Amino acid sequence: MLVTAPIFLIGLMGVGKTAVGARLGARLGVPFVDLDEQILERTGRTPADWIEQAGEPVFREREAEVLLELIEGGAPSIVATGGGAVLADHSRAALSAHEATVVWLDAPVEVLVERVTAGPELPTRPLLGADPHAALSALAATRAPRYADAATVGPIDTSRFGDADAAAVGVIDVLDPTLDPSWFRVPVRVDGGRSYPVIVGAGARNALASLVPDDVRRVAIVTQDGIDVEVDPGTESRLFTVPPGEPAKRLETVETICREMAAWGMTRRDLVVGVGGGVVTDLAGFIAAVYHRGIRVMHVSTTLLGQIDAAVGGKTGVNLPEGKNLVGAFWQPSAVLCDTEVLGTLPPREFRAGMGELAKYHFLGGGNLDELPLDERVAASVRIKAEVVAADEREGGIRAILNYGHTLAHALETAGSYDLRHGEAVAIGLRYAAEVAERLGRIDRARVDEHLRVLHTYDLPSTVPPGLETAELVALFSRDKKALDGLTFVLDGPNGVETVQVDDVALLSDALEAIRA
């Protein structure tokens, strides 16, 4: 499912609204909002303080006001409400008027008592009094009719699940039974208010047929030799196979496939599906962008590098002898399927190369991504990219930060005739960007060392390959797509990663010499 409005969680204290809500937000790709924290942020007082100092009726009025703001705001999110948030008639009426999705979480009283008395929260729950079991039993009896009146989904007994994440998967299964509930969903919002889903998880390729629009008659499946991943779009389809490797990204390839699609009779209402890594999704996306001046495209990404970066965001392109991706277009897909199951079939070097792009996201807000399971690591990277794309779809500003490490990477790929995997080149580029930033006084040596730590964690290269001359690489910097006025680099700094003009060729050369073996 694609979350387009708030989803509200209701239920008694202890049912897991906060814990389950946080995991729902992570799996559905939207922010998690705690109503109690919103009240504290707006008023400077906790719910417990309000009840003790002003009485429960006054608190319920303030709670209802904040809840109404969230309802009318309409921002896609998961909202954990307080246990009594839907007691007021006007609160329930507002939820109903806005056709809000309201999920009722429940659990047996004995489980609730165990949960709320197991931690330090008891002093902050003034409604429990001296006998939590009696208090919760009474609350359950009086509030159940109000919960039933407000809920559009539930009750869902959270005690049936092993942990909060399993409960979140259970809730998703009820909300959207058409897709595997264990998959992560990340919405990508683009110009015009449109959104498309990125589905992440084992077996995600099997969701393709359910996502193909009903008016599609023919599907052109673009893939490469050696990619043994079958997909079923659920309608008439034909396979278009291109040669392996980066050399396939040529204008000649685009012409060949477009002519074959025309001979087959594909029209504007049909669909292109790219099945493969970054080379395929770049190529398939560009073909879709130019055929009939633009038809729909979806991607089934089969490499780690493609899943966390290349398949998402709408950048397409092919190479020229003068440089990488110099001819292309922005063309957003209708959906992206990141099937982590197929990653197990990748050669070790190909998988490791994908970690080069993943390493980039450590410094774009991802933190210690290496501590997450693979599916969630991919989803977290996609979520960061989706936020940047939403803010700058056509790379007129902040989106350039997604090229962190890419200035040297593209130069290495061009000078070395693409002997390096793209992710390997990006890894070296990350270290180089850190060295440049330190020489400019933007970061300290400890931050440079953190870049090296991340690269070593993923067993990535961090030195310039032999045989590549410093002067040649610096000259290639000026051909980079970000080079609008002088040499532009994406560098870390006190305000995070941002674009910086660097015209000191001696400094750039010195930093390159520092990362030679």
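A short tour of the structure in this document, coming up. (Residues numbered from 1 in each chain as written. Predicted model: local features only at pLDDT ≥ 70, side-chain atom pairs only at ≥ 80, totals over all residues. Heavy atoms only, no water.)

What follows is about helix α14 (residues 374-391). Over its 18 residues, α14 extends 26 Å from the first C-alpha to the last, a length consistent with the 26 Å expected when each residue adds 1.5 Å. Summarising burial for α14: 13 of the 18 residues are buried, a large majority. (Helix = DSSP H or I, 4+ residues; strand = E, 2+ residues; numbered from the N terminus. Expected span 1.5 Å × (residues − 1). Buried < 20%, exposed > 50% of the residue type's maximum accessible area, 1.4 Å probe, protein only.)

Inspection of the secondary structure puts Arg431 in helix α16 (residues 422-439). Exposure remark for Arg431: the relative accessible area of 11% places this residue in the buried category. Here Arg431 is in contact with Leu452, Leu455, Ser462, Thr463, Ala514 and Ile515, once residues within four sequence places are set aside. (Contact = heavy atoms within 4.5 Å.)

Once that is clear, we can look at the environment of Glu110. Note on placement: Glu110 falls in helix α6 (residues 109-118). Separated by 22 residues in sequence, Glu110 and Pro132 have C-alpha atoms that sit 9.9 Å apart.

Quick look at the environment of Pro31 now. Mapped onto the elements, Pro31 comes out in the loop between α1 (17-28) and β2 (32-34). On a C-alpha basis, the gap between Pro31 and Ala75 in space is 9.1 Å, while along the polypeptide they are 44 residues apart. Residues within four places of Pro31 in sequence aside, it is in contact with Pro76, Ser77 and Ile78.

The next thing to look at is the pairing of strand β8 (residues 218-224). Summarising burial for β8: seven of the seven residues are buried, a large majority. Along β8, one buried face is formed by Arg218, Ala220, Val222 and Gln224 and the opposite face, lined by Val219, Ile221 and Thr223, is buried too. By the bridge criterion, five bridges tie β8 to strand β10 (residues 271-276) in an arrangement that is parallel. If you follow Ile221 over to β10, its bridge partner there is Val273. (Pairing = 2+ DSSP bridges.)

Another point: the pattern of salt bridges. Enumeration according to the criterion identifies 29 salt bridges in this entry. Among the salt bridges present, the one from Glu69 reaches Arg42, with a minimum N-O distance of 2.9 Å. Placement of the pair is Glu69 in helix α4 (residues 56-73) and Arg42 in helix α2 (residues 35-43), with a sequence separation of 27 residues. Note on Glu69: relative accessible area 38%, which makes it partly exposed. A relative accessible area of 35% places Arg42 in the partly exposed class. A salt bridge links Lys385 to Asp309, with the nearest nitrogen and oxygen atoms 3.6 Å apart. Of this pair, Lys385 sits in helix α14 while Asp309 sits in helix α12 (residues 304-310), placing them 76 residues apart in sequence. Lys385 sits in the buried class, given a relative accessible area of 5%. On the basis of relative accessibility, which here comes to 11%, the residue Asp309 falls in the buried class. (Salt bridge = Lys/Arg side-chain N within 4 Å of Asp/Glu carboxyl O.)

Next up on the list: empty space enclosed by the protein. Sizing a probe to match a water molecule and rolling it over the atoms shows the empty space that remains. Taken as a whole and assessed by the stated rule, the structure comprises three cavities of 30 Å³ or more. Roughly 50 Å³ of volume is contained in the second largest cavity. Taken together, Asn403, Gly405, His406, Thr407, Leu408, Gly429, Tyr432, Ala433, Phe489, Val490 and Leu491 make up the lining of the second largest cavity. Going through the elements one at a time, α15 (406-415), α16 and β15 (488-491) are the ones with two or more residues in the lining of the second largest cavity. Taken together, the residues of the lining of the second largest cavity sort by class into six nonpolar, five polar and no charged. (1 Å grid on protein atoms, 1.4 Å probe; cavity = no way out; pocket = protein on both sides within 12 Å on 5 of 7 lines; lining within 4 Å. Points joined across faces, edges and corners; volume = space filled by probe spheres on them. Nonpolar A, V, L, I, M, F, W, Y, C, P; charged D, E, K, R; others polar.)

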